[in-house]
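Overview (structure and organization)
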Amino acid sequence: MSKLIEQVVISQTAEISDDLYELLLLADPSSKMINSYLDRGLIFIASLKHDIIGEYILLKTRPNILEVVNIAVREDYQQQGLGKFLLNDAIERARLAGAERLEIGTANSSLFQLALYQKLGFRIVGIDKNYFLRHYNKPLYENKIQCFDMIRLSKKLV
Ligand code: COA
């Protein structure tokens, strides 16, 4: 376990601070989309002393199915294993909650996220074509690739 992970505490919160909202926007640039799931999801934050440096939101989408609808690590703490730590925590919580599957979606252009999710056992189960054209009014780019489609991934928990 890295020095950073050793010091991080993950806890559930209902308080939407500005620092938390900034992290939510890092994963999802649309406040409209964020607000559509914020009050229905369970919010978990990674704290380092008094700072929030990561978060994820778990949402029940169907009976026995949970989805990570937002996950982010503050930019100055990325690539130090915290994303993996948060996602493993989400997997464990979903399992303890009795979910059969944990799902996550990401853009066709989100190459590192696709790597991370597959490393943790998520499999691609579908493509929601043109999702980003339908839900966002501005073109979005990542890795110089336009975000068109939502890649849907799922991990079996039982
Ligand atoms: N370059 C290469 N690989 C990267 C990477 C980068 N810049 N960032 C993440 N990865 C991949 C690697 O596969 C890495 O695995 P490895 O440790 O075996 O090499 C894996 O991600 C885990 O890295 P980790 O350090 O745990 O990730 P992180 O703390 O940077 O968090 C995100 C990952 C995606 C949560 C973080 O980058 C983030 O907040 N991004 C912006 C918000 C976002 O895109 N959220 C997801 C929306 S679908």
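Residues numbered from 1 in each chain as written. Predicted model: local features only at pLDDT ≥ 70, side-chain atom pairs only at ≥ 80, totals over all residues. Heavy atoms only, no water.

Turning next to the layout of surface pockets. Considering only enclosed or pocket space, the largest pocket measures out at about 1500 Å³ in volume. Lining the largest pocket are 47 residues, and of these Ala27, Ile71, Thr106, Gln113 and Tyr117 lie nearest its centre. Here the lining of the largest pocket takes 7 residues from strand E4 (residues 65-73), the largest share from any one element. Grouping the constituent residues of the lining of the largest pocket by class yields 26 nonpolar, 12 polar and 9 charged. Along its surface, the second largest pocket is lined by Pro29, Ser30, Lys32, Met33, His135, Tyr136, Asn137, Lys138 and Leu140. Here the lining of the second largest pocket is built from residues that sort into 4 nonpolar, 3 polar and 2 charged. (1 Å grid on protein atoms, 1.4 Å probe; cavity = no way out; pocket = protein on both sides within 12 Å on 5 of 7 lines; lining within 4 Å. Points joined across faces, edges and corners; volume = space filled by probe spheres on them. Helix = DSSP H or I, 4+ residues; strand = E, 2+ residues; numbered from the N terminus. Nonpolar A, V, L, I, M, F, W, Y, C, P; charged D, E, K, R; others polar.)

Attention shifts here to the site of the ligand. Every one of the 20 residues lining the ligand counts as a neighbour, but Ile71, Val73, Gly81, Gln113 and Lys119 are closest to it. Between an oxygen atom of the ligand and a side-chain N or O atom of Gln113, the distance comes to 2.6 Å. Burial of the ligand by the surrounding chains reaches 76%, relative to a free accessible area of 910 Å². Judged by the fraction of its atoms near the pocket grid, the ligand is located in the largest pocket. Considering only residue class, the shell around the ligand consists of 10 nonpolar, 8 polar and 2 charged. (Near = heavy atom within 4 Å. Polar contact = N/O pair within 3.5 Å; in protein donor to acceptor, adjacent residues only side chain to side chain. Areas by Shrake-Rupley, 256 points an atom, 1.4 Å probe, with all protein chains shown as cover. Sits in = over half its atoms within 2 Å of the grid points.)

Here we come to helix H3 (residues 31-38). Buried within H3 we find Met33, Ile34, Tyr37 and Leu38. Buried residues along H3 cover an arc of 130 degrees about the axis, so they all sit on one side. The elements touched by buried residues of H3 are helix H2 (18-27), strand E2 (42-48), strand E3 (51-62), E4 and helix H6 (131-135). (Buried < 20%, exposed > 50% of the residue type's maximum accessible area, 1.4 Å probe, protein only. Arc of directions from axis to C-beta. Contact = heavy atoms within 4.5 Å.)

What follows deals with the pattern of salt bridges. Overall, the coordinates contain 8 salt bridges when judged by the stated rule. The shortest N-O distance in the salt bridge between Asp76 and Arg74 comes to 2.8 Å. Note on Arg74: relative accessible area 27%, which makes it partly exposed. A salt bridge links Asp89 to Arg93; the shortest N-O distance between them is 2.7 Å. Of the two residues, Asp89 and Arg93 both sit in helix H4 (residues 82-96), 4 residues apart, roughly one turn of that helix. Using a relative accessible area of 19% as the deciding quantity, one classes Asp89 as buried. It is possible to trace a salt-bridge network through shared partners that takes in Arg62, Glu67, Arg101, Glu103 and Arg152. (Salt bridge = Lys/Arg side-chain N within 4 Å of Asp/Glu carboxyl O.)

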